[in-house]
Amino acid sequence: MNHPLTSTDPLTELAKQKGISTWNELTTFVKTLPYGRNNNRSDLSLVLSEMKGTCSSKHALLKQMADLNHIPDVKLILGIYKMNRLNTPGIGTALDGFPVDFIPEAHCYLKVAGERMDITTPASDIKNLETDIMEEREITPGDVDTFKVDFHQTFIRKWIADDRIPLTFERIWQIRETCINHLSA
């Protein structure tokens, strides 16, 4: 699926300025960028200009570029999975000492021609998460801004109530932020 990037929109032009001219070059380039939060979660061009991104910003950029360049059968997926030390080793010991084996984490990835693809980092392999996915839904690139956060927080609140987790939402979210900070380090 090595489609040329033919659009003349500003986002595609920014990629071309980086020497990227095909879909495969774009996915390889994005996958090698460091993991890190961008200064503005709604500005997808920052992945290319700041040379970093999260699962959300990287995959939303790729979906947007696929749409702009008429690359077929690329879907942006929001999955909630059971984040633990086994499937996300970068979190280290962040869950140690707490009465939970995992925290539901929102993770974005692509489905290309029906196959899940995780472009977050060179080490990312969606197969490590597949058995721990609790829910997934297709979203738009614009949804990675506020919808993703709202959906994730609502999911965690329901999980806390349904599973009778003995921690508050605020404490779970704080532990989750520690996990994300470990991943960014």
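In the block above lies the structure referred to throughout.
The structure displayed is predicted, hence computed values, not measured ones.

**Student:** How should I be thinking about the environment of Asp-96 in this particular structure?
**Tutor:** Relative to the assigned elements, Asp-96 resides in the loop between strand 1 (74–83) and strand 2 (103–112). The class of Asp-96 is partly exposed, set by a relative accessible area of 41%. In the structure, Asp-96 is positioned 84 residues away from Thr-12 in sequence and 43 Å away in space, judged by C-alpha atoms. Here the side chain of Asp-96 touches Arg-85 through a polar contact of 2.5 Å, side chain to side chain.

**Student:** Which parts of the structure should I look at to understand the nonpolar core?
**Tutor:** Nonpolar side chains in soluble globular proteins tend to end up buried together. If you look at the biggest cluster of nonpolar residues, it comprises 33 residues, and the most contacted ones within it are Trp-23, Leu-26 and Leu-61. Every element with two or more residues in this core is listed here: helix 1 (10–17), helix 2 (23–32), helix 3 (46–49), helix 4 (55–68), strand 1, strand 2 and helix 5 (146–162). The greatest single-element share of this core, amounting to six residues, is contributed by helix 4. With 22 residues, the next largest nonpolar core counts Tyr-109, Ile-126, Ile-156 and Cys-179 among its residues.

**Student:** What is the right way to look at the packing of helix 1 against helix 4 in this model?
**Tutor:** For any two helices packed against each other, the geometry is given by the interaxial angle and the distance between the axes. It is the contact of helix 1 with helix 4, at a shortest axis distance of 9 Å, that shows an interaxial angle of 105 degrees. Looking at the two axes, helix 1 sits roughly perpendicular to helix 4. Here helix 1 contributes Leu-11, Thr-12 and Ala-15 to the contact with helix 4, which in turn contributes Leu-61, Gln-64, Met-65 and Leu-68. Of the residues that constitute the contact of helix 1 with helix 4, the class distribution is five nonpolar, two polar and no charged.

**Student:** What exactly am I supposed to notice about the packing of helix 5 against helix 6 (residues 169–184) here?
**Tutor:** Where helix 5 meets helix 6, the axes come as close as 10 Å, and the angle between the chain directions of the two elements is 125 degrees. With respect to each other, helix 5 and helix 6 are oriented oblique. In this structure, helix 5 meets helix 6 at a crossing whose hand is right-handed. Of helix 6, the residues touching helix 5 (which contributes His-152, Gln-153, Ile-156, Arg-157, Trp-159 and Ile-160) are Phe-169, Ile-172, Trp-173 and Arg-176. Split by residue class, the contact of helix 5 with helix 6 holds six nonpolar, two polar and two charged.

**Student:** Teacher, can you tell me more about the packing of aromatic side chains here?
**Tutor:** Between two aromatic rings, the relevant description is the distance of the centres plus the angle of the planes. Across all of its chains, the model carries three aromatic pairs by this definition. Sitting over the ring of Phe-102, Lys-82 keeps its end group 5.4 Å from the ring centre. Directly above the aromatic system of Trp-173 lies the positively charged group of Arg-176, at a separation of 4.5 Å from the ring centroid.

**Student:** Help me understand the pairing of strand 2, please; the structure alone is not making it clear to me.
**Tutor:** Every regular strand shows the same layout, with side chains that alternate between the two sheet faces. In terms of burial, strand 2 is largely enclosed, as nine of its 10 residues are buried. Pairing analysis gives 10 bridges linking strand 1 to strand 2, with the strands arranged antiparallel. What sits directly across from Leu-76, in strand 2, is Leu-110. Of the strand pairs in this sheet, strand 2 and strand 3 (residues 115–117) are connected by three bridges, and their pairing is antiparallel. By the bridge assignment for strand 3, Lys-111 is matched with Arg-116. Two successive antiparallel strands, strand 2 and strand 3, enclose a turn made up of two residues, where Ala-113 displays a positive phi of approximately 50 degrees.

Scoring rules and cut-offs
- Residues numbered from 1 in each chain as written.
- Predicted model: local features only at pLDDT ≥ 70, side-chain atom pairs only at ≥ 80, totals over all residues.
- Heavy atoms only, no water.
- Helix = DSSP H or I, 4+ residues; strand = E, 2+ residues; numbered from the N terminus.
- Buried < 20%, exposed > 50% of the residue type's maximum accessible area, 1.4 Å probe, protein only.
- Polar contact = N/O pair within 3.5 Å; in protein donor to acceptor, adjacent residues only side chain to side chain.
- Core = buried A, V, L, I, M, F, W, Y, C linked by side-chain atoms within 4.5 Å.
- Axes fitted to C-alpha atoms, helices over the stretch in contact; angles between N-to-C directions.
- Parallel < 35°, antiparallel > 145°, perpendicular 65-115°, else oblique.
- Contact = heavy atoms within 4.5 Å.
- Nonpolar A, V, L, I, M, F, W, Y, C, P; charged D, E, K, R; others polar.
- Left-handed = near helix turned anticlockwise from the far one by under 90°.
- Phe/Tyr/Trp six-rings, centres within 6.5 Å; stacked < 30°, edge-to-face > 60°.
- Lys NZ or Arg CZ within 6 Å of the ring centre and 35° of its normal.
- Pairing = 2+ DSSP bridges.

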